[in-house]
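The lines below spell out each chain.
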Protein chains: 2
Amino acid sequence: MTAQPPIPELVAAGAAQVPATAVVRGGRLVNVVSAEVYEADVAVYGNTVVALGDVSAHTGPDTEIVDAGGRHLVPGLFDGHQHIECSKLSITSAAKMLVPLGTTNVVSGLDQILVVAGLAGAEAFLRESQATPLRVLWGAPCKTPYTLPTSTVGHYFGPDDHRAAQSWPECVGVWETVREFVTTGDPDVLAAMEIARQNRLPVLGCAPMATGADLTSYACGGIRLDHESYDSHECLEKLRNGMYVVIRESSFAHFLTENIRLVLEHAPGAARRVSFCTDDVVASDVLDRGHLDNMVRMAVDAGVDPMTAVQMATINGAEAYRVDHIVGSISPGRYADICFVEDLDDFRVSMVMAGGQVVARDGEMAIDLEPPSRDGLLTGPFPMAPAAAGDFTVPTGLPDGPVEVLAIEVTEQIFVRKRRDVVLQASAGRVEPDIGNDVALVSVVERYGKNSNRPTAFIAGFGIRSGALATSSAPDDNNIVVIGASPEDMATAVNHLATHGGGQVVVDGGRVVEFLPLPIGGIVSDLDPADMLAEEEKLDRAAKALGCTVDWPFMYLFFLPITSIPDYAITDVGTVDVAAMDTFDPVLGPAAA
Amino acid sequence: MTAQPPIPELVAAGAAQVPATAVVRGGRLVNVVSAEVYEADVAVYGNTVVALGDVSAHTGPDTEIVDAGGRHLVPGLFDGHQHIECSKLSITSAAKMLVPLGTTNVVSGLDQILVVAGLAGAEAFLRESQATPLRVLWGAPCKTPYTLPTSTVGHYFGPDDHRAAQSWPECVGVWETVREFVTTGDPDVLAAMEIARQNRLPVLGCAPMATGADLTSYACGGIRLDHESYDSHECLEKLRNGMYVVIRESSFAHFLTENIRLVLEHAPGAARRVSFCTDDVVASDVLDRGHLDNMVRMAVDAGVDPMTAVQMATINGAEAYRVDHIVGSISPGRYADICFVEDLDDFRVSMVMAGGQVVARDGEMAIDLEPPSRDGLLTGPFPMAPAAAGDFTVPTGLPDGPVEVLAIEVTEQIFVRKRRDVVLQASAGRVEPDIGNDVALVSVVERYGKNSNRPTAFIAGFGIRSGALATSSAPDDNNIVVIGASPEDMATAVNHLATHGGGQVVVDGGRVVEFLPLPIGGIVSDLDPADMLAEEEKLDRAAKALGCTVDWPFMYLFFLPITSIPDYAITDVGTVDVAAMDTFDPVLGPAAA
């Protein structure tokens, strides 16, 4: 977040005692505060709006005149919850993807870089954002990793970090405050909440499918909002319990059409409490459907009036996150972020001003954005012991013969993993996969050199018939997730990522078939979004050539260690029963005769 | 503000793991968050709401059952801006007046006690409020006194105080941030604003009749809201500039009917940005018309739908002041303040729960409220030199004969003071009043013993024909304001107040005719509201017996030193030309022959 001019300077600029640096002329102001649309020019001083209406007194000889050409002037769009790193794009690259679509504000926990590189990593990302038109508002994660049980990370983010970093100007609250942590009294999360109270910061929630007493007790903890509702009735219950509702439409979880029913059917007077977020997005989806602009279009298509839909994408989020004094409206004192939009009924952003500068036109950046030079803090090989094929075996104390095994079963939904009981062969103290019956190996390799955890289990229904694929971008801990038909190829894949400092890789027959380097923290890259899209397609194509049948093979790997996705997960501490919040041995016992 | 239970306790209570302390049964919940009215019970733990709806699981053997009898359950009402001391009631007495009407939250600067006794005075008042059902949310005044030029006070409230006290849990921001201080760059006020930024606290405005560049430049300073608009067009301009609008209906300034036109005519979609305050109220008005409840009735009468009107009196204010996480709605985690209301169309509060306890019924307190014992910090005689009749003369260097004098002219409006040029007689170096032509003496006597300022000037149209009246409750500095026909009676009145530690007095012929002691800081009393009303009537009657023709003689004295009321004021540093923000000599020169 770039600093705004000092107050006396802004006051002088507001009084036209110093000329505006830029004036936007000939636009129709979408005033989301007064809920009006009217003709008004906008005077900007530095990165800040200083006057609206007739601003002729603000125009000096050096004032840049921006012609709106009769278009609507809409505040820069506000994404209330996004794991930016999920896109595998660096902050600079993410800005190139999001800003031309009108998104200038993103609330993000930066949790992936935090677990890799700690506060220094988050600080580097926030500094990087200052050189881009994408304003990153940082939610300090309640704790990371969010895994239950806790998995191994480069840096555990806890109360000491909260004490150090909640005072950062970018910090907007405690982020992704998982319900179970609150209702079970996790001491570190409670400490973070108490620190936030002292800092007058809100606590931002994470409570999928919470209803009844689960929800009530969570709300009693002072949770301000939630973005996780699975249907509009869940939204209504959260609303009635005093929470702001943030509707999510991610690349993988499509909730807008369902959850917008909250204001269309259930509580039409409560639209002010509803805002938008995208949570997890990837280039292929954003470059196709759009981002917040797409959510506005979807809401309007569903029947929301355009002013209300625009408010949901701007001021409502800014209010929910308590940052409406700096973003969310085109008003004196706020950052000068303006989307130029022809038609509010078919919301397409044709030009973007961010921080007082025209930065994008016709869906393309209009300024050059260079990523910062990357230093050793965030780059370099992983400090882990090399993997060997023997690591990727499932040991057993059972005698040779058929054994009953719980395999993690792939379903049609990326966010649901079920159980499939299979019979495999034990031989010489290990259980063999059964590629012919689509039961492959899966492992998570601890990559920070803290231990040599690399538990291995079975995955059913993934389709892989040979080779292996692996990713080091894989929250919450960003260890290396690897799935394979061949332990040798799994080791090759893991070691390739480790020596190259991270990425995503497809290996077959001992050979690297495709490799996407993610050299920044092992999680993101400075590739342009379109290039990232091309790389992702190549990787998925290569994975499918190995037999993978899921739609997004690498996103599947990406989400596998997340222990809040039912019913099973795997992290470096083992295979996890999500409901039990504990690890277990997937080898259940000898198979019935 | 009383502390709420620790989070783990609230979470347990929300989950019905510990029983509720009270349950409200059989009410219709006015859910101002979802903008719905529906049948729902309310479970309370300690002073906090923990569950809504079917709360039978929360009922234990010791749970108090409160029968709502089908009435509406409305959140405790929220007054966004009130100088509580203006009522001349102590916090305890003010609670007795306001709480039975449903007002449980008041944002107040406590500026009158601050200038008298500094932070210790404000702290004592906040501590006192904790023993009452009236929650005082404290706005730290931008600086006090607000007078221009600065008058003499017991304690100047400046940046050091802000650094010390903005961290108090009751502090909600910088208060009464006068436009001129911001736009002229008053360094202490700018410092207070910067401290607030670091503390993530909003800056609350004070910008009467600000429009155009004056308003724009002020808004650029980051001012969140304003309560001073004189008409609905001024409201609209502030709204369009991104500010929250707080509509004021005080005992002396009646703006609701005009300013509610903002949402009825100008910007119907912006009701969420509109809330209520009463600024300055006295018992005679509140016991007659009501308080926030009256504002709800007035808004409904004007055409606002009841839900919206209730929101304006509750959640909208809580959001504007950024305290919606603790007050403004009946939701889990918020203070359990509930107004029981039969009919939303004729909004009458028949019972009040505050902090989880039924505290008022049928307009009367249902609990005993005892004021704290008053110690020497806030009581005792004023440390000033006694006054003498000779102090209340207007000196002149002009020779004996007729002189031209600027007298402060009383108008029909208490908040407008004009100029009347009169010819008076100079004699032996002093200018004599002309009681026959209704030109009397007025003075402000510095009462803190810091100097012996007691400048004297003339007031025309007040009607006084003999005697004197004086008050030590008189913001911004609470020096002694005295008006008289007789310098001797003026001295008697002033000395009576000084030796008795403050109050309001009528003196005639050397005799005290009426005296209302205000022993707490010289500004407020522990009288019950009805008794205060009776005392005020006696004082005003006695003043009128001396000839006073204004409606509220003592309120007229009260507001005389406020230098933001056009066109003239008087403080202990002299007669003030409000527009010029400077003192002047009311003796203009020799009269034309």
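Criteria and thresholds
- Throughout, a residue's number is its position along its own chain's written sequence, starting from 1.
- Chains and ligands are labelled sequentially in the order written, the chains with letters from A and the ligands with numbers from 1.
- In keeping with the model being predicted, local features are shown solely for residues with a pLDDT of at least 70 and side-chain atom pairs are shown and tallied solely at 80 or more, while totals for entire chains, interfaces and linings include all residues.
- As a rule here, side-chain values cover all heavy atoms of the structure and leave hydrogens and water aside.
- Only heavy atoms enter the contact rule, under which two residues are in contact if any of them lie within 4.5 Å.
- Two parts placed together each lose some accessible area; with a 1.4 Å probe, that loss summed over both constitutes the buried area.
- The salt bridge definition used is simple: a Lys or Arg side-chain nitrogen within 4 Å of an Asp or Glu carboxyl oxygen.
- Secondary structure elements follow DSSP: runs of H or I no shorter than four residues count as helices, runs of E no shorter than two count as strands, and numbering proceeds from the N terminus.
- Under this grouping Gly is polar, as are all residues other than the nonpolar Ala, Val, Leu, Ile, Met, Phe, Trp, Tyr, Cys and Pro and the charged Asp, Glu, Lys and Arg.
- Only residues with pLDDT of at least 70 in both copies contribute their C-alpha atoms to the least-squares superposition of the copies.
- Buried residues are those whose accessible area, probed at 1.4 Å on protein chains only, stays under 20% of the maximum for their type, while exposed residues exceed 50% and partly exposed ones sit between those limits.
- Here, strands pair whenever DSSP counts at least two bridges between them.
- Between N-to-C directions, angles span 0 to 180 degrees; the directions come from axes that are lines fitted to C-alpha atoms, helices contributing only their stretch in contact.
- Each angle gets one of four labels, with under 35 degrees taken as roughly parallel, over 145 as roughly antiparallel, 65 to 115 as roughly perpendicular, and the rest as oblique.
- Take the far helix as the reference: if the near one is turned anticlockwise from it by less than a right angle, the crossing is left-handed, and if turned clockwise, right-handed.
- Two rings from Phe, Tyr or Trp (for Trp, the six-membered ring) form a pair when their centres are within 6.5 Å of each other. A pair whose planes differ by under 30 degrees is stacked, one over 60 is edge-to-face, and the rest are tilted.

Undergrad: Would you take a moment to explain the interface of chain A and chain B for this structure?
TA: Interface extent is often summarised as the accessible area lost during association of the parts. Counting from both sides, the interface comprises 59 residues of chain A and, opposite them, 59 residues of chain B. Taking both partners together, chain A and chain B bury about 4,400 Å²; carbon and sulfur atoms supply 51% of that area. When the area that chain A buries against chain B is broken down by residue, the three leading residues are Arg-200, Arg-240 and Arg-272 of chain A, summing to 18%. On the surface where chain A and chain B come into contact, there are 10 salt bridges. We note a salt bridge from Asp-324 of chain A to Arg-224 of chain B, for which the minimum N-O separation is 3.2 Å. Contributions of two or more residues to the side of chain A that touches chain B are made by helix 1 (7–14), strand 3 (36–39), strand 5 (48–53), helix 5 (179–183), helix 6 (187–198), helix 7 (212–220), helix 8 (232–240) and helix 14 (315–320) of chain A. Tallied by class, the residues present in the side of chain A that touches chain B amount to 30 nonpolar, 19 polar and 10 charged.

Undergrad: Help me understand the relation of the copies chain A and chain B, please; the structure alone is not making it clear to me.
TA: Relating one copy of the chain to the other takes a rotation about an axis and a shift parallel to that axis. Relative to chain B, chain A is turned by 180° and slid 0.0 Å along the rotation axis, the superposed coordinates differing by an RMSD of 0.1 Å. Such values leave the two copies arranged in the relation of a two-fold axis. Here 100% of the contact residues of chain A are again contact residues in chain B; the copies associate through an equivalent surface.

Undergrad: Which parts of the structure should I look at to understand the pairing of strand 21 (residues 401–410) of chain B?
TA: As a general feature of sheets, a regular strand has side chains that alternate between the two faces. Residue and element names in this part refer to chain B. The buried fraction of strand 21 amounts to 7 of the 10 residues, a majority that puts the element mostly inside the structure. Where strand 21 meets strand 22 (residues 417–427), 10 bridges bridge the pair, whose relative direction is antiparallel. By the bridge assignment for strand 22, Val-403 is matched with Leu-424. Where strand 21 folds back onto strand 22 in an antiparallel hairpin, the turn is made up of 6 residues. Across 3 bridges, the pairing between strand 21 and strand 33 (residues 587–590) is antiparallel. Note that in strand 33 the partner of Glu-404 across the bridge is Gly-589. The pairing of strand 21 with strand 25 (residues 456–460) spans 2 bridges and is classified as parallel. Note on strand 25: the bridge partner recorded for Ile-408 is Ile-459.

Undergrad: Please clarify how the sheet that holds strand 32 (residues 582–584) of chain B should be interpreted in this entry.
TA: Strand pairing in a sheet relies on backbone hydrogen bonds. The paired strands run either parallel or antiparallel. Residue and element names in this part refer to chain B. Judged by pairing direction, the sheet is antiparallel, and its 3 strands sit side by side in the order 30-31-32 without closing on themselves. A strand with exactly one partner marks an edge of an open sheet, and here the two such strands are strand 30 (568–571) and strand 32. The mean inter-strand angle of the sheet, taken between neighbouring strand axes irrespective of direction, is 45°. In this structure, strand 31 (residues 574–577) lies alongside strand 32, joined through 3 bridges in antiparallel fashion. Pairing of Thr-575 across the sheet is with Phe-584, part of strand 32.

Undergrad: I keep staring at the packing of helix 1 of chain A against helix 7 (residues 212–220) of chain B and nothing clicks. Help me out?
TA: The relative placement of two packed helices is expressed as an angle between their axes plus a distance between the axes. Between helix 1 of chain A and helix 7 of chain B, the shortest axis-to-axis distance is 7 Å and the interhelical angle comes to 155°. By the criterion of interaxial angle, the relationship of helix 1 of chain A to helix 7 of chain B is roughly antiparallel. Pair helix 1 of chain A / helix 7 of chain B crosses with right-handed handedness. On helix 7 of chain B, the residues touching Leu-10, Val-11 and Gly-14 of chain A of helix 1 of chain A are Ala-213, Thr-216, Ser-217 and Cys-220 of chain B. Residue composition of the contact of helix 1 of chain A with helix 7 of chain B, grouped by class: 4 nonpolar, 3 polar and no charged.

Undergrad: Would you mind going over the packing of aromatic side chains with me for this structure?
TA: Two aromatic rings are characterised by how far apart their centres lie and by the angle between their planes. Residue and element names in this part refer to chain B. In this structure the tally under the stated criterion is 20 aromatic pairs over all chains. Ring centres 6.1 Å apart and planes at 85° place the aromatic pair Trp-138 and Phe-157 in the edge-to-face group. Here the residue Trp-138 occupies a position in strand 10 (residues 135–141), and Phe-157 occupies one in the loop between strand 10 and helix 4 (159–165), the gap between them amounting to 19 residues. Note on accessibility: Trp-138 and Phe-157 belong to one class, buried. Ring centres 5.1 Å apart and planes at 35° place the aromatic pair Trp-138 and Trp-168 in the tilted group. Here Trp-138, found in strand 10, pairs with Trp-168, found in the loop between helix 4 and strand 11 (171–178); they are 30 residues apart in sequence, far enough to count as distant.

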